[in-house]
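One letter stands for each residue in the lines below.
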Amino acid sequence: GVEIVLDDAPLTADGGRPADATPDDLVIHQSDVQAVVNAVWAAGADGVSIMGQRLIATSAVICVGNTLLLQGRTYSPPFVVEAIVDADAVRAELAASPQVAVLQQAVADFGLTFAVEARPEVQLPAYDGSLDMEYATAG
């Protein structure tokens, strides 16, 4: 399996931010988390979790400011994605993703964290939310 960690950029030694960086440049965004999750699924993952929350087909990755809202719970970075999947396949999908390339450029420019580690064993929790649709109807 794999563990992927995404984190905001640290402040500089003097407590400031890197030259030419806006506050928006220094945080992990919804699009970054979604790009990573999409690449993991594309690599053939048997299961994926974010922050210990099992994802299903209807799971939505939503960021509010620099926090992640997932299945009714709020999380602050670092965001941890775990998956039951071949690590080499994930690395290949991440390398092929134009959206992940944007994240990697921000990592290079501003010091965000984007770490991918192979794990010999990954255990994911069962999904414990509702499977009933609240707003969708058959029509």
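Quick caveat: nothing in here was measured; it's all calculated off a predicted structure.

1. Let's talk about unusual backbone geometry
Item 1. In the segment running from proline 77 into proline 78, the intervening peptide bond is cis, with an omega of 10 degrees.
Item 2. Structurally, the position occupied by proline 78 is in the loop between strand E6 (73-75) and strand E7 (79-84).
Item 3. At methionine 51, a residue that is not glycine, the phi angle is positive and equals roughly 55 degrees.
Item 4. Among the structural elements, methionine 51 can be located in the loop between strand E2 (47-50) and strand E3 (53-54).
Item 5. Relative accessible area serves as the criterion here: at 24%, methionine 51 is assigned to the partly exposed category.

2. With respect to the pattern of salt bridges
Item 1. On inspection of all chains with the given rule, the structure shows two salt bridges.
Item 2. We note a salt bridge from arginine 119 to glutamate 3, for which the minimum N-O separation is 2.9 Å. Pair noted here: arginine 119 is in the segment after strand E8 (113-118) and glutamate 3 is in strand E1 (residues 2-7), with a separation of 116 residues, a long-range link.
Item 3. Of the charged contacts in the structure, one is a salt bridge between arginine 91 and aspartate 88, with a shortest N-O distance of 3.8 Å. Residue arginine 91 and its partner aspartate 88 are both found in helix H2 (residues 87-96); the two are separated by three residues, about one turn of the helix.
Item 4. With a relative accessible area of 54%, aspartate 88 lands in the exposed category.

3. Examining the packing of helix H1 (residues 30-42) against helix H3 (residues 98-110)
Item 1. Between H1 and H3, whose axes approach to 9 Å, the crossing angle comes to 130 degrees. Considering their axes alone, H1 and H3 lie oblique with respect to each other. As H1 packs across H3, the resulting crossing turns out to be left-handed. Along its contact with H1, which presents Asp32, Ala35 and Val36, the element H3 presents Gln99, Val100 and Leu103.
Item 2. When grouped by side-chain class, the residues that make up the contact of H1 with H3 number four nonpolar, one polar and one charged.

4. Structural notes on the environment of isoleucine 84
Item 1. Note that isoleucine 84 resides in strand E7.
Item 2. For isoleucine 84, a relative accessible area of 33% corresponds to the partly exposed category.
Item 3. Apart from residues lying up to four places away in sequence, isoleucine 84 is in contact with Gly1, Ala45, Asp46, Gly47, Val122 and Leu124.

Calculation criteria
- Residues numbered from 1 in each chain as written.
- Predicted model: local features only at pLDDT ≥ 70, side-chain atom pairs only at ≥ 80, totals over all residues.
- Heavy atoms only, no water.
- Helix = DSSP H or I, 4+ residues; strand = E, 2+ residues; numbered from the N terminus.
- Buried < 20%, exposed > 50% of the residue type's maximum accessible area, 1.4 Å probe, protein only.
- Salt bridge = Lys/Arg side-chain N within 4 Å of Asp/Glu carboxyl O.
- Axes fitted to C-alpha atoms, helices over the stretch in contact; angles between N-to-C directions.
- Parallel < 35°, antiparallel > 145°, perpendicular 65-115°, else oblique.
- Left-handed = near helix turned anticlockwise from the far one by under 90°.
- Contact = heavy atoms within 4.5 Å.
- Nonpolar A, V, L, I, M, F, W, Y, C, P; charged D, E, K, R; others polar.

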